[in-house]
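# Secondary and tertiary structure notes
Next come the chains, spelled out residue by residue.
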Amino acid sequence: MTLIVAGTAKEYPDGINLTRLIELEKVETPMYVTVALNNAFVESGGFETAVLKDGDTVEFLYFMGGGR
Amino acid sequence: MAFSNEQLTRYSRHIILKEFGIKGQKKLSRGRVLIIGAGGLGSPAALYLAAAGVGCIGIVDADDVDLSNLQRQIIHGTDDIGRPKADSARAGMLAVNPETEVRAIRAFVHAGNIMDLIRDYDFIIDGTDNFPAKFLINDACVLAGKAFSHAGILRFNGQLTTYVPGLGACYRCIFKEPPPPEAVPTCRQAGVVGALAGVVGSLQAMEAVKYLAGIGELLSGALLTYDALTTTFRKIRLPRRADCAVCGALPSITAPVDYAQAACDLTL
Ligand SMILES: [Zn+2]
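These lines cover the structure that appears in this document, whether it is placed above or below.

### A few points about the sheet that holds strand β5 (residues 57–61) of chain A
Residue and element names in this part refer to chain A. Pairing is mixed in the open sheet, where five strands are placed in the order β2-β1-β5-β3-β4. Pairing within the sheet leaves two strands with one partner each, and these edge strands are β2 (8–11) and β4 (40–42). Adjacent strand axes in the sheet meet at a mean angle of 35° when their direction is disregarded.

Encoded structure:
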């Protein structure tokens, strides 16, 4: 199936959940990433049950604390 | 109030813009911006806003200029090492534009002073380098109904969003609460490119200019991310969180809160 992850369409195994996508995408600090699925936030406790389907759009939002 | 000939010359490249004109410049001259943090983001933002003719700029920082700052904090020079950053930044702004009223505030922001600090300003720029301060500024601006620009930088990446009261997500909508100290990398541990701070801080200044002049579209309800290594900008649309603890329908945060800060990361 095709997912649009961080703006780029890519092929992924059918039926994977967000937890697996986070592994496949090698997300840094997965405990603290915010995920938006089809423009809605997914609570971090809900990654396991969030099963992805063809055409889904996923954004990873990262803490970026620097400024000085 | 009419502009002098000298002012008309100084701001001529603004005034000639049809979206801007004398009217836009007057709005800037009546505008008041508070910049929190005179560092990597605050330096370019302060210089551009002073040069642009913003009427009053407050600059908040409790630290002194250190040699390791100068790779990116371009408002300070080598001769300023050891000097309070707020004072050095004030001098830098006045050197560019002596007409600007600059208030140097040598302070850390905390739950006890943030509401007073932001009160007199139209727009706030978050140029801090730690999560407790970023959440504090977000909450205070939401509670006070102030527009502000949030930004963060790390290594070769930056991101920013503009909060406008009543429109779009706030910082807490995205990130809910600060990560535990040391859970995510900081610039001090991970590094940051100086010019990256310049790009992102300049974008923050641009948001302030647009807000004050009333032109264009603000970066509200969206997060702009910048990957310097691949020169990629992305504008990610942000949903609002209906149950956000500060901007949601039933907020649990009704006054600014301080979060614990790791001792080694004690800055603003
Ligand atoms: Zn919110």
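From this point on, the discussion continues.
### Examining helix α3 (residues 21–30) of chain B
All names here are of chain B. Of all the positions in α3, only G21, G24, Q25 and L28 are classed as buried. The buried residues of α3 occupy an angular sector of 100° when projected down its axis, which confines them to one face. In α3, the exposed positions angled more than 90 degrees off the buried face are occupied by K23 and R30. Where α3 is buried, its residues contact α2 (12–15), α4 (42–52) and α10 (194–213).

### A short note on the pattern of salt bridges
All names here are of chain B. With the rule as written, the count across this model stands at 16 salt bridges over all chains. R119 is paired through a salt bridge with D116; the nearest N and O atoms lie 2.7 Å apart. Of this pair, R119 and D116 both sit in helix α6 (residues 114–119), separated by three residues, roughly a single helical turn. With a relative accessible area of 49%, D116 lands in the partly exposed category. Its salt-bridge partner being E207, residue K210 comes within 2.7 Å of it at the nearest N-O pair. Of the two residues, K210 and E207 are both situated in helix α10; the distance of three residues between them amounts to about one turn of the helix. A relative accessible area of 5% means that E207 is categorised as buried.

### Section: the interface of chain A and chain B
Contacts between the two partners involve 19 residues from chain A, matched on the other side by 46 residues from chain B. Of the roughly 2,600 Å² buried between chain A and chain B on both sides combined, carbon and sulfur atoms contribute 57%. Of all residues in chain A, F63(A), M64(A) and R68(A) bury the most surface against chain B, accounting for 38% of the area lost on that side. Counting across the interface, chain A meets chain B through four salt bridges. As a salt-bridge pair, R155(B) and E28(A) come within 3.5 Å of each other at their nearest N and O atoms. Of all elements in the fold, only β4 and β5 of chain A reach the threshold of two or more residues within the side of chain A that touches chain B.

### Quick word on the coordination of the zinc ion
Residue and element names in this part refer to chain B. Every protein donor of the zinc ion is accounted for by C170 (SG), C173 (SG), C244 (SG) and C247 (SG), and the metal-donor separations fall at 2.3 Å. For the zinc ion, the four donor atoms in the first shell make angles of 93 to 121° at the metal, a pattern classed as tetrahedral. Of note, the donors binding the zinc ion are all from one chain and are spaced C-x2-C-x70-C-x2-C. Here C244 lies in the segment after β8 (232–237) and C173 lies in helix α8 (residues 171–175), a separation of 71 residues in the sequence.

### Describing the environment of D56(A)
Residues and elements named next belong to chain A. Here D56 is to be found in the loop between β4 and β5. For D56 and V42, which are 14 residues apart along the polypeptide, the C-alpha to C-alpha distance reads 13 Å. At a separation of 2.8 Å, a polar atom in the side chain of D56 contacts the main-chain amide nitrogen of K53.

Criteria and cut-off values
Residues numbered from 1 in each chain as written. Chains lettered and ligands numbered in written order. Predicted model: local features only at pLDDT ≥ 70, side-chain atom pairs only at ≥ 80, totals over all residues. Heavy atoms only, no water. Pairing = 2+ DSSP bridges. Helix = DSSP H or I, 4+ residues; strand = E, 2+ residues; numbered from the N terminus. Axes fitted to C-alpha atoms, helices over the stretch in contact; angles between N-to-C directions. Buried < 20%, exposed > 50% of the residue type's maximum accessible area, 1.4 Å probe, protein only. Arc of directions from axis to C-beta. Contact = heavy atoms within 4.5 Å. Salt bridge = Lys/Arg side-chain N within 4 Å of Asp/Glu carboxyl O. Buried area = accessible area lost by both parts, 1.4 Å probe. Donors = N, O, S within 2.8 Å, 3.2 Å for Na, K, Ca; no water. Tetrahedral: all angles 85-135°; square planar, octahedral: opposite > 155°, others 65-115°. Polar contact = N/O pair within 3.5 Å; in protein donor to acceptor, adjacent residues only side chain to side chain.

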